[in-house]
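Below, each chain spelled out in residue letters.
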Amino acid sequence: AQSVSQHNHHVILSEAASLELGCNYSYGGTVNLFWYVQYPGQHLQLLLKYFSGDPLVKGIKGFEAEFIKSKFSFNLRKPSVQWSDTAEYFCAVNSFGNEKLTFGTGTRLTIIP
Amino acid sequence: DTGVSQDPRHKITKRGQNVTFRCDPISEHNRLYWYRQTLGQGPEFLTYFQNEAQLEKSRLLSDRFSAERPKGSFSTLEIQRTEQGDSAMYLCASSPPGQGWSEQYFGPGTRLTVT
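Residues numbered from 1 in each chain as written. Chains lettered and ligands numbered in written order. Predicted model: local features only at pLDDT ≥ 70, side-chain atom pairs only at ≥ 80, totals over all residues. Heavy atoms only, no water.

Caption draft 1: Representation of the environment of Gly85(B). The topology assignment puts Gly85(B) in the loop between strand 8 (75–79) and strand 9 (88–95). Note on Gly85(B): relative accessible area 60%, which makes it exposed. (Helix = DSSP H or I, 4+ residues; strand = E, 2+ residues; numbered from the N terminus. Buried < 20%, exposed > 50% of the residue type's maximum accessible area, 1.4 Å probe, protein only.)

Caption draft 2: The arrangement of the pairing of strand 8 (residues 64–68) of chain A in detail. Residue and element names in this part refer to chain A. Strand direction decides the pairing type here: strand 7 (residues 56–58) and strand 8, joined by three bridges, are antiparallel. Bridged to Leu56 within strand 8 is Glu66. The antiparallel hairpin formed by strand 7 and strand 8 contains five residues in its connecting segment, where Lys61 sits at a positive phi of about 60 degrees. Sheet analysis places strand 8 next to strand 9 (residues 73–78), joined by five bridges and oriented antiparallel. Within strand 9, the residue paired with Ile68 across the bridge is Ser73. (Pairing = 2+ DSSP bridges.)

Caption draft 3: The nonpolar core, seen in detail. Grouped together as the largest cluster of nonpolar side chains are 28 residues, with contacts concentrated most on Leu33(A), Trp35(A), Leu47(A), Leu48(A), Phe74(A), Leu76(A) and Tyr89(A). Not counting residues up to four positions away in its chain, the partners in contact with Leu33(A) are Tyr25(A), Leu48(A), Lys49(A), Tyr50(A), Phe67(A), Phe74(A), Ala92(A) and Val93(A). Counting 19 residues, the second-largest nonpolar core is a separate cluster that includes Val4(B), Leu32(B), Phe65(B) and Leu77(B). (Core = buried A, V, L, I, M, F, W, Y, C linked by side-chain atoms within 4.5 Å. Contact = heavy atoms within 4.5 Å.)

Caption draft 4: Representation of the side chain of Gln104(B). With respect to the secondary-structure elements, Gln104(B) resides in the loop between strand 9 and strand 10 (105–106). Judged by its relative accessible area of 1%, Gln104(B) is buried. Within the structure, the side chain of Gln104(B) is placed 2.8 Å from the side chain of Tyr35(B), a separation counted as a polar contact. If we skip the residues at most four places from it in the chain, Gln104(B) touches Tyr36(A), Glu99(A), Leu101(A), Tyr33(B), Tyr35(B), Ala93(B), Ser94(B) and Ser95(B). (Polar contact = N/O pair within 3.5 Å; in protein donor to acceptor, adjacent residues only side chain to side chain.)

Caption draft 5: A look at the interface of chain A and chain B. If you look at the interface, chain A gives 18 residues, while chain B gives 20 residues. Approximately 1500 Å² of surface area, both sides summed, lies buried where chain A meets chain B, with 59% of it carried by carbon and sulfur atoms. Put simply, chain A and chain B have one salt bridge between them. Where Arg31(B) meets Glu99(A), a salt bridge forms, and the shortest distance between an N and an O atom there is 2.7 Å. For the pair chain A and chain B, the interface holds seven residue pairs in polar contact (both at pLDDT 80 or more). Going through the elements one at a time, strand 5 (31–38), strand 6 (44–50) and strand 10 (87–95) of chain A are the ones with two or more residues in the side of chain A that touches chain B. For the side of chain A that touches chain B, the per-class residue count stands at eight nonpolar, seven polar and three charged. (Buried area = accessible area lost by both parts, 1.4 Å probe. Salt bridge = Lys/Arg side-chain N within 4 Å of Asp/Glu carboxyl O. Nonpolar A, V, L, I, M, F, W, Y, C, P; charged D, E, K, R; others polar.)

So far we have only geometry, and geometry alone does not tell us how the molecule works.
What follows is the structure in structure tokens.
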């Protein structure tokens, strides 16, 4: 069975700080990887995804993530955060050909103006 | 149609009662998913429909849970004989037809509280 670990439960940063949120997954086969974001009072929405190819993927709002297969990791990064990035961030994985997503427990990000 | 809608948004019920939730996917999305999210956890997959066919159901799902999508459009999730452990946010998502994985668009969820 696949699983996802997000070790940072709550991260607090000042505006303009750089961000890196960790995500590790457990699965031996081919996977697709995702980061979803949930802004306060809003629905879950897709930030970015990795299927294949360039392991550095870019998403919306200046976010990017790097897939490192040897480390089973898919960390989310942003060079300079804004107050509007305050949200909960979920890493998710699905195995090739499988529809269901397996989510991590989420990281709550608080940006201090 | 601007997104996935779910009804009701909040439901409070007494233990032992049955509850039913509805999900309306984005128009022309033929794939529909139900997830459950408890406090401090990420969403957990419950079941998946392609059109009206229920193609996958989590082994974690109790027999008290049943989902339907009779005409391949909206879906309902019923919980019979609710227990306090059923208290959670129930999320619905839909995705468009196509080969391979397509982005799942999530609704606002139905928050269930069992007293």
